[in-house]
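A closer look at the structure
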Amino acid sequence: MHPSWLAALVLLVVAAVSYKLLRGGLGDAKFVVRVRGPGPQGVQVDGDVPGHATSEVAAFVADLELPAGAKIWGVPDGARIVLRFSADVPEHLHQRLRNYFYLHV
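It should be emphasised that the depicted structure is a prediction, and the values quoted were computed from it without experimental measurement. (Residues numbered from 1 in each chain as written. Predicted model: local features only at pLDDT ≥ 70, side-chain atom pairs only at ≥ 80, totals over all residues. Heavy atoms only, no water.)

Considerations on helix 2 (residues 54–63)
Three or more residues of helix 2 are buried, namely Val57, Ala58, Phe60, Val61 and Ala62. Check the buried side of helix 2 and you find it contacts strand 1 (31–35), strand 2 (43–47), strand 3 (71–77) and helix 3 (94–102). Two residues or fewer after helix 2 comes Glu65, characterised by a positive phi angle close to 55°. (Buried < 20%, exposed > 50% of the residue type's maximum accessible area, 1.4 Å probe, protein only. Helix = DSSP H or I, 4+ residues; strand = E, 2+ residues; numbered from the N terminus. Contact = heavy atoms within 4.5 Å.)

Following this line, the structure appears as C-alpha cells:
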C-alpha cells in the first residue's frame, strides 16, 4: 500500500471515530433526555423511555435542577439499556438516575 493511501485511510478512521465520540454515541440511543431550560417544559425527551411516560421523565429530571445542556441517554446493551451521562450531569446524581430509569424496566 502506498504511504499516501495509508495516511488517507488513517485520517478517515480518525475522523470517523472523532465524529462518533463528539456526538457522544447518541446515534445508537433508545432515548435521549436533554435539559434545555428550567422546569418540565425545559426538558426534551426523544424516544421511548421504558416504563415511564414522557411527562414523568420531564418532571423527574426537572426536579434535579440540572444545567441547560445536560444529557442522559439510554443505549441498548443486549437485553438491557445502559445509561450514559454528559459531563453536565453531576456524578453524585448518576445512581439516583439509574434507580429511576431502571425501576420499571
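There is more to say after this.
Notes on the environment of Thr54
By the secondary structure assignment, Thr54 is in helix 2. Sequence-wise, Thr54 and Val33 are 21 residues apart; in three dimensions their C-alpha atoms are separated by 9.7 Å.

Notes on helix 3
Within the sequence span of helix 3, burial applies to His94, Leu97, Tyr100 and Phe101. One side of helix 3 carries all its buried residues, which in axial view fall inside an arc of 125°. Turning to helix 3, the residues buried within the fold contact strand 1, helix 2, strand 3 and strand 4 (80–85). (Arc of directions from axis to C-beta.)

A word on the pattern of salt bridges
A complete count under the given rule lists two salt bridges for this structure. The partner of Asp46 in a salt bridge is Arg34, and the shortest N-O contact between them spans 2.7 Å. Placement of Asp46 in strand 2 and of Arg34 in strand 1 is noted, with a sequence separation of twelve residues between them. A residue is classified by how much of its surface remains accessible, and Asp46, at 30% relative accessible area, is partly exposed. Residue Asp77 is joined to Arg80 by a salt bridge in which the shortest nitrogen-to-oxygen separation is 3.2 Å. (Salt bridge = Lys/Arg side-chain N within 4 Å of Asp/Glu carboxyl O.)

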